[in-house]
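Chain by chain, the residues:
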Amino acid sequence: MLKKTIAILHPGEMGAAIGAGLVSKGHRVLWVSEGRGAATRRRAESSGLEDIKTLARAAQESDIVFSVCPPHAAMELAQAVAACGFGGVYVDANAVSTETTRALGRVVEAAGASYVDAGIIGPPPVAGASVRLYVCGSRAIEVAALFEGCIMQAHALEGPVGAASALKVCYAAWNKGATALLAGIRALAEHEGVDAALLDEWKISLPDIPKRSELVRKNARKAWRWIAEMEEIAANFEAAGLPAGFHLAAADIYRKLAGFKDAAEPPPLAEIKAALLRRP
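Each chain has its residues counted from 1, running along the sequence as written. Where local features are concerned, this predicted model is filtered to residues with pLDDT of at least 70; where side-chain atom pairs are given and counted, the filter is 80 or more; whole-chain, interface and lining totals use all residues. Values reported for side chains reflect all heavy atoms of the structure, with hydrogen atoms and water molecules removed beforehand.

Here we come to the overall build of the protein chain. Helices and strands together make up the secondary structure of the protein chain, namely 13 helices and eight strands. Overall, the protein chain is about 60 × 40 × 35 Å in size when its C-alpha atoms are taken along their principal axes. In DSSP terms, a helix is any run of H or I states spanning at least four residues, a strand is any run of E spanning at least two, and both are numbered starting from the N terminus.

Structure representation (structure tokens):
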């Protein structure tokens with residue numbers, strides 16, 4: 001296929017890995033250094049991305065823009081790209097609700113761009129990872145083709161804009177929601193003095209759960225960005241006429257863990273339980 005110029009906004013762990021995969025396929029991949037920190041620069045440079053300096057230049061020179069940012073920033077970024085007059089393909093790969101993704105689509109399409117709704121399931125696409133990109137929208141097949149032969153497998157979904165985000169919402173509602181629930185259970189068991197007994201019982205009756213409950217250690221440093229994701233999931237449940245309270249509570253769990261952002265190592269479970277039990 002023809003090589004494309006693609007902007008990654010912004011190269012966090014996921015965005016940088018996606019960018020590196022696209023570079024390996026011969027595409028020109030840009031990033032915007034304006035307003036970004038040293039850690040972002042290190043990731044972008046190590047992934048072979050080209051610094052285009054400003055968002056305006058990225059919008060002018062790119063055929064495709066990938067938005068890969070925390071969900072609470074998705075609308076602001078879409079509005080900023082639209083304000084630059086971008087007329088290519090805008091791919092929103094953020095963990096947002098179906099209503100939010102449709103609202104994002106209206107913003108970028110009003111400015112003249114095509115919109116592709118995307119959902120990423122799995123860790124950053126590096127060697128040994130299992131990760132998939134689901135896309136939908138009028139140019140979804142074109143976007144999926146960019147990743148042929150990459151570690152990240154891309155799948156174009158049938159259905160209107162919102163299908164990819166809905167799949168991501170349903171997957172994360174269980175995956176990240178269950179992790180939050182287990183974290184809360186371990187904190188409650190600690191508070192009541194039965195944590196060791198609970199683990200012993202789980203080993204007998206639910207042997208997969210003890211290991212699963214430890215996942216919160218690995219993910220605590222990402223908890224700050226999962227707050228808004230849980231709120232987006234809750235909004236999707238509510239819009240469907242389903243109870244939203246579970247994932248609002250999960251957002252509260254991750255809010256209590258937000259202080260572990262940028263920790264050098266996964267925190268001990270004892271520190272996580274203490275953070276969850278700490279009263280405001």
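Summary of the burial criterion: residues with accessible area below 20% of their type's maximum are buried, those above 50% are exposed, and those between are partly exposed, where the area comes from a 1.4 Å probe applied to protein chains only. On strand E4 (residues 64-67), burial covers both faces: Ile-64 and Phe-66 on one face and Val-65 and Ser-67 on the other are all buried. One bridge is not enough; two strands pair if DSSP finds at least two bridges between them. Pairing of strand E1 (residues 5-9) with E4, which is carried by four bridges, proceeds in the parallel orientation. Bridge pairing in E4 links Ile-8 to Phe-66. For E4 and strand E5 (residues 89-92), the ladder comprises four bridges, and the chain directions are parallel. Each residue of the ladder has a partner; that of Val-65, found in E5, is Tyr-90. Of the crossover connections in this fold, the one passing from E4 over helix H4 (residues 74-83) to the parallel E5 is right-handed. With its strands directed away from the observer, a crossover is right-handed exactly when the path from the first strand over the helix to the second travels clockwise.

Of note, Glu-231 is situated in helix H11 (residues 223-239). Under the relative-accessibility criterion, Glu-231 is labelled partly exposed at 34%. For the pair formed by Glu-231 and Ala-251, sequence separation is 20 residues and the distance between their alpha carbons is 6.3 Å. Throughout, a contact is declared for two residues whenever any of their heavy atoms are within 4.5 Å. Sequence-distant contacts of Glu-231, that is, excluding residues within four places in its chain, are made with Leu-248, Ala-251 and Arg-255.

Before going further, it helps to examine the packing of helix H7 (residues 163-192) against helix H13 (residues 269-277). Between H7 and H13, the least distance of the axes is 9 Å, while the angle of their chain directions is 85 degrees. Comparing their axes, H13 and H7 come out roughly perpendicular. Contacts between H7 and H13 pair Ala-183, Gly-184, Arg-186, Ala-187, Glu-190 and His-191 from the former with Leu-269, Lys-273, Leu-276 and Leu-277 from the latter. Only Asp, Glu, Lys and Arg are considered charged, only Ala, Val, Leu, Ile, Met, Phe, Trp, Tyr, Cys and Pro nonpolar, and every remaining residue, Gly among them, polar. Of the residues assigned to the contact of H7 with H13, the class counts are five nonpolar, two polar and three charged. Orientation is described by axes fitted as lines to C-alpha atoms, over the contacting stretch for helices, and by angles from 0 to 180 degrees between their N-to-C directions. Under this scheme an angle from 65 to 115 degrees is roughly perpendicular, one under 35 degrees roughly parallel, and one over 145 degrees roughly antiparallel; angles in between are oblique.

Attention now goes to a nonpolar patch on the surface. Like-charged residues within 9 Å of one another, or nonpolar side chains (Val, Leu, Ile, Met, Phe, Trp, Tyr) within 5 Å, are grouped into patches, provided each residue has over 30% relative accessible area and no salt bridge. Note on areas: Shrake-Rupley with a 1.4 Å probe; residue coverage comes only from the protein chains shown. A pairing counts as a salt bridge when a side-chain nitrogen of Lys or Arg comes within 4 Å of a carboxyl oxygen of Asp or Glu. Among the surface-exposed residues, Leu-181, Ile-185 and Phe-246 lie close enough to one another that they form a single nonpolar patch of about 240 Å² accessible area. Considering the arrangement of structural elements, one finds Leu-181 in helix H7. A relative accessible area of 42% places Leu-181 in the partly exposed class.

Tracing the backbone shows Ala-274 in helix H13. Assessed through its relative accessible area of 35%, Ala-274 is described here as partly exposed. Sequence separation of Ala-274 and Ala-258 is 16 residues, and the distance between their C-alpha atoms is 13 Å.

A few words on the sheet that holds strand E6 (residues 114-121). Across a sheet, paired strands are connected by hydrogen bonds in the backbone, their directions being either parallel or antiparallel. Strand order in the open sheet formed by eight strands is E3-E2-E1-E4-E5-E6-E7-E8, and the pairing between neighbours is mixed. Since the sheet does not close on itself, it has two edges, and those belong to strand E3 (50-51) and strand E8 (153-156), each with one partner. Contacting E1, E4 and E5, H4 crosses the sheet at an angle of about 170 degrees to E5. Taken strand by strand, H7 contacts E6 and strand E7 (132-136), and its axis lies near 20 degrees from that of E6.

This part is about helix H1 (residues 13-24). Compared with the 16 Å implied by 1.5 Å per residue over 12 residues, the 17 Å span of H1 between its first and last C-alpha is a close match. All of the buried residues in H1 are Met-14, Gly-15, Ala-16, Ala-17, Ile-18, Gly-19, Gly-21 and Leu-22. Residues of H1 that are buried in the fold lie against E1, strand E2 (28-31), helix H2 (38-46) and E6. Two residues or fewer after H1 comes Gly-26, characterised by a positive phi angle close to 90 degrees. Multiplying one less than the number of residues by 1.5 Å gives the expected span of a helix.

Without other data, these values stay purely geometric and don't point to any function.
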